[in-house]
Every structure is written in C-alpha cells, then in structure tokens.
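# Architecture and fold: a report
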Amino acid sequence: MQVSIAQNTCIGIPGAMYDCALALASFVVDEIIVNKREGDPAAARAMRILELGTGSGACALLVAAACSSRGVPARLLLTDRNPKSVNLARRNADVLQLSSGNVEIDVARFAFGEDVGTNLPTDFATPDVVVVSDVLYTPESAVPLARTLRQLLCHDDYGESVLASPADRRQPACYLAWRPRSCNPDKVTAVKAFIVECGALGLSVHDASRSNGRAASTARVWDEAAGGEGWSQTYDPANAAREGLRILKIEST
C-alpha cells in the first residue's frame, strides 16, 4: 500500500507522527476492505468511511488510495474541529492522485461531542466504517469522543451495509489507533478516561483482532513544495505492538 501525500511544511507534521495513521489504514485495508462481501447486492454501493480528528488526513487518504487501487467503491469524509487541519486535509486530498474514479473524498469541520445528525451529512451519520487515529491527547477530549461514537454506533437505522459480517451489518465497524508517547504522559490518562466513558455509555472497547501472516505496509509522503522530497514509513504489526501501538475496536453492547 503506497500513496503520495503532500506534507505542509508550515505546520510541520513530522513523519514519525503518522505511525498510528499508517497502522490503522493498514488494518482497515487488510481486515475490512479486502474482506468486502462478494456477491452481496449492497457491495455495489460505495463504502462510507468516516474519519474523526483527521489532522492531515493521512489515515483516510491511505485508505482512499487502497480502495482506488483495488477497485473498491468508497466515499470518505474527513473531519476535524480545527480549521487549519480541515484546510490541510483538503489540500492533501486535492493532490492525491487516485488510479480510478470510484473513490470520492470530502472534508468537513466536525468537533467531538457535536450532534451527529445535525452536523454530519445524512449518509455519514450512518457510516460503514469509522476510523479515529491518535486523537486522545488530553482527558478532556475523552468524553466528547465517546459521546460521538455512541451516536454513531447506536443509531436507530444503520441502513444497508456493505460489510460481510452479520454483526458489523448492525452497526459501523469502528476502530481507534493510539500509542503512548513519552512527550505526552497525558495520553495514557486520556485513553483510560475514554474507555471508562465508553463503558458508562454502553460501549465496549477491546483490542482488535488481526489475521495472522499480514505483510508489512509502506507509505510514502512527499513534500511537493520542496521539490518532491519526503519520507517513507513501514508499518509492521509485530514491531508496532512491541512499541505499544494498539488498535481498539469500539462497539455497542
């Protein structure tokens, strides 16, 4: 899985901070997209993928590139509460070169805790997949995020799903990637607060299971403004786990 993503040098997002984005994108591609049900009438519909707290858009754009290269119809909505992040994600989406026209990408402002039905397009109030990459930096963000996920996972009508698993057809497949970082000890506290709040709201949080034998994934991020210079990063599930990177599945109980 490779993709070129323009890096904004003014904001200066370092490559090392994309580890969770790459891990989560790789998981979604390997465990969801490649397992999309064949022969299901719903499979002809574009998979709706919602990213919360998108930042630069790295995770969702990696997924978009994989959908495009595999011929999987998809519509992606990248959201963030920060207008600068919204603008950055939109610029990155604009420069992403997809190999086919079956993938649509949109970017919008949305803050954790806001009403999903009012502040998201109708289709994305009932998405097929929700991805959240490395967004919990302070405990204050834990409760609003949990409340947003409850709205998404406990909707009255999920509509027709493109996912294969009967259990996942009742609600979106929702995954959150995170890892502790020595520069911010509050991250561990934030994730613990998030898990507690999810429990209070009737949501379960547990480590997502990954199929054995998955190969490592590589992403390349280029800074077009610097003459095409950039970096490449490889995600290996075993190495990431040793470094504390976890992918959590959130679902209603």
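Reading the values: rules and limits
Residues numbered from 1 in each chain as written. Predicted model: local features only at pLDDT ≥ 70, side-chain atom pairs only at ≥ 80, totals over all residues. Heavy atoms only, no water. Helix = DSSP H or I, 4+ residues; strand = E, 2+ residues; numbered from the N terminus. Expected span 1.5 Å × (residues − 1). Buried < 20%, exposed > 50% of the residue type's maximum accessible area, 1.4 Å probe, protein only. Phe/Tyr/Trp six-rings, centres within 6.5 Å; stacked < 30°, edge-to-face > 60°. Lys NZ or Arg CZ within 6 Å of the ring centre and 35° of its normal. pLDDT = per-residue confidence, 0-100. Contact = heavy atoms within 4.5 Å. Axes fitted to C-alpha atoms, helices over the stretch in contact; angles between N-to-C directions. Left-handed = near helix turned anticlockwise from the far one by under 90°. Nonpolar A, V, L, I, M, F, W, Y, C, P; charged D, E, K, R; others polar. Salt bridge = Lys/Arg side-chain N within 4 Å of Asp/Glu carboxyl O. Core = buried A, V, L, I, M, F, W, Y, C linked by side-chain atoms within 4.5 Å.

Relative to the 18 Å expected for 13 residues at 1.5 Å per residue, helix H2 (residues 58-70) spans 18 Å between its end C-alpha atoms, a close match to the ideal helical length. The buried fraction of H2 amounts to 11 of the 13 residues, a majority that puts the element mostly inside the structure. Looking at H2, one finds that the buried residues are Ala 58, Cys 59, Ala 60, Leu 61, Leu 62, Val 63, Ala 64, Ala 65, Ala 66, Cys 67 and Ser 68. After H2 finishes, the residue Gly 71 shows a positive phi value of roughly 75°.

On inspection of all chains with the given rule, the structure shows 1 aromatic pair. Across from the ring centre of Tyr 137, 4.1 Å away, lies the NZ or CZ of Lys 187, which sits over that ring.

As a further point, take the confidence of the model for the chain. Residue-level pLDDT values for the chain average 79, and 72% of them are 70 or greater. pLDDT under 50 marks residues 1-16. Its contacts with residues more than four places away, or in other chains, come to 52 contacts. Segment residues 158-168: pLDDT under 50, and 37 contacts once partners within four positions in sequence are set aside and those in other chains are kept.

What follows is about the packing of helix H1 (residues 19-33) against H2. Between H1 and H2, the least distance of the axes is 8 Å, while the angle of their chain directions is 35°. When the axes of H1 and H2 are compared, the crossing they make is right-handed. In this structure, H1 uses Ala 21, Leu 22, Leu 24, Ala 25, Val 28, Val 29 and Ile 33 to contact H2, whose residues at the interface are Ala 58, Cys 59, Leu 62, Val 63, Ala 66, Cys 67 and Arg 70. Classifying every residue of the contact of H1 with H2 by side-chain character gives 13 nonpolar, no polar and 1 charged.

Think of it this way: side chains of opposite charge can pair up when their charged atoms draw near. Counted under the stated rule, the structure contains 10 salt bridges. For the salt bridge of Asp 19 with Arg 181, the shortest nitrogen-to-oxygen distance reads 2.7 Å. Here the residue Asp 19 occupies a position in helix H1, and Arg 181 occupies one in the loop between strand E5 (173-178) and helix H6 (186-200), the gap between them amounting to 162 residues. Taking the relative accessible area as the measure of exposure, Arg 181 reaches 12% and is therefore buried. Here the salt bridges share partners, and the residues they tie into one network are Asp 19, Asp 134, Arg 179, Arg 181 and Lys 187.

Phi at Asp 134 takes a positive value of approximately 55°, unusual for a residue other than glycine. When you line up the elements, Asp 134 lands in the loop between strand E4 (129-133) and helix H5 (142-153). Residue classification places Asp 134 among the buried residues on the basis of a relative accessible area of 7%.

Right, let's talk about the environment of Glu 31 for a bit. Mapped onto the elements of the fold, Glu 31 is located in helix H1. Glu 31 sits 180 residues away from Ser 211 along the chain, and the two C-alpha atoms are 7.3 Å apart.

The next point concerns the nonpolar core. Generally speaking, soluble globular proteins have nonpolar side chains that are buried together. Leu 76 and Ile 247 are the most contacted members of the largest nonpolar core, which totals 42 residues. Contributing elements (two or more residues each) for this core: H1, strand E1 (47-52), H2, strand E2 (74-80), helix H3 (83-95), strand E3 (103-109), E4 and E5. Per element, the largest residue contribution to this core is 11 residues, and it comes from H1. Excluding residues that lie within four positions of it along the chain, Leu 76 makes contacts with Ile 49, Ala 60, Val 63, Ala 64, Val 103, Glu 104, Ile 105, Asp 106 and Phe 124.

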